[in-house]
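# Coordinate analysis (summary)
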Amino acid sequence: DTGVSQDPRHKITKRGQNVTFRCDPISEHNRLYWYRQTLGQGPEFLTYFQNEAQLEKSRLLSDRFSAERPKGSFSTLEIQRTEQGDSAMYLCASSLGRARVDEKLFFGSGTQLSVL
Amino acid sequence: AQTVTQSQPEMSVQEAETVTLSCTYDTSESDYYLFWYKQPPSRQMILVIRQEAYKQQNATENRFSVNFQKAAKSFSLKISDSQLGDAAMYFCALDVSGGGADGLTFGKGTHLIIQP
């Protein structure tokens, strides 16, 4: 068990550029989540996958955001035409996704995005 | 909609002393889970303790315990024998959907400082 890994750890981009983040969940974890955390706030739910199916998207996820999880393994989160308001830390988490009583989320260390 | 409120932006405690972090929440659901997560400077969210709403017994994990008051919708975290490694942001979180739709709802966090 190597934990949830995210890449890159930091990303600086200019407004209007596209960026893509990657998350590798713990192997055999069926569920994968994306959260966004801004300074001084707790994480906010963006979306989640059960295997390769994207089952829920928050209203925070505008049309400029897209997430994929091909083959139910790693996931990517892409932001098109970035805006300064997109500056935040993007957290990925995974869980077994089986019995609810055992449901626990394991988080990665996040990707810190700065839009200039 | 669910809400989680942490009214203490910052708490300070002497090493080896006991500290209690407060959390209140609001939900119309009767079946839910509550969590405390720790976020050290490394940014990775680490699960500290978990409480099922249907259980009356308060959860404990070594030096960490909770005081769960369902009627009052209160969920405080007690840390006994505080250690320097406990210094971090602590987030209270609520899960009403088994980690699915809406994911976890987090509070804004409490910054815990451990005085040596």
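For the structure given in this document, a descriptive report is provided here.

Cut-offs applied
- Residues numbered from 1 in each chain as written.
- Chains lettered and ligands numbered in written order.
- Predicted model: local features only at pLDDT ≥ 70, side-chain atom pairs only at ≥ 80, totals over all residues.
- Heavy atoms only, no water.
- Phe/Tyr/Trp six-rings, centres within 6.5 Å; stacked < 30°, edge-to-face > 60°.
- Helix = DSSP H or I, 4+ residues; strand = E, 2+ residues; numbered from the N terminus.
- Buried < 20%, exposed > 50% of the residue type's maximum accessible area, 1.4 Å probe, protein only.
- Lys NZ or Arg CZ within 6 Å of the ring centre and 35° of its normal.
- Pairing = 2+ DSSP bridges.
- Axes fitted to C-alpha atoms, helices over the stretch in contact; angles between N-to-C directions.

### Considering the packing of aromatic side chains
Taken as a whole and assessed by the stated rule, the structure comprises 16 aromatic pairs over all chains. Between F107 of chain A and F106 of chain B, the ring centres sit 6.3 Å apart and the planes meet at 75 degrees, which makes this aromatic pair edge-to-face. A residue pair is termed interchain when its members come from two chains, as with F107 of chain A in strand 10 (residues 106–107) and F106 of chain B in strand 11 (residues 105–106). Taken individually, F107 of chain A and F106 of chain B each receive the classification buried, so the pair is uniform in this respect. On the numbers, 5.4 Å between centres and 65 degrees between planes, the contact of Y25 of chain B with Y32 of chain B is edge-to-face. Judged by its relative accessible area of 4%, Y25 of chain B falls in the buried class. A relative accessible area of 2% places Y32 of chain B in the buried class. By way of ring pairs, the aromatic residues Y33, Y35, F45, Y48 and F107 of chain A together with F35, Y37, F91 and F106 of chain B are connected into one cluster. Looking at R22 of chain A, its charged tip hangs above the ring of F74 of chain A, at a distance of 3.9 Å from the centre.

### Quick word on the sheet that holds strand 7 (residues 65–68) of chain A
Residues and elements named next belong to chain A. Strand order in the open sheet formed by four strands is 1-3-8-7, with antiparallel pairing between adjacent strands. On the outer flanks of this sheet lie strand 1 (5–7) and strand 7, each paired with one strand and no other. Each strand axis lies, on average, 15 degrees off the axis of its neighbour in the sheet, ignoring direction. Taken together, the five bridges between strand 3 (residues 19–24) and strand 8 (residues 75–79) define a ladder with antiparallel strand orientation. Paired with R22 across the strands is T76, a residue of strand 8.

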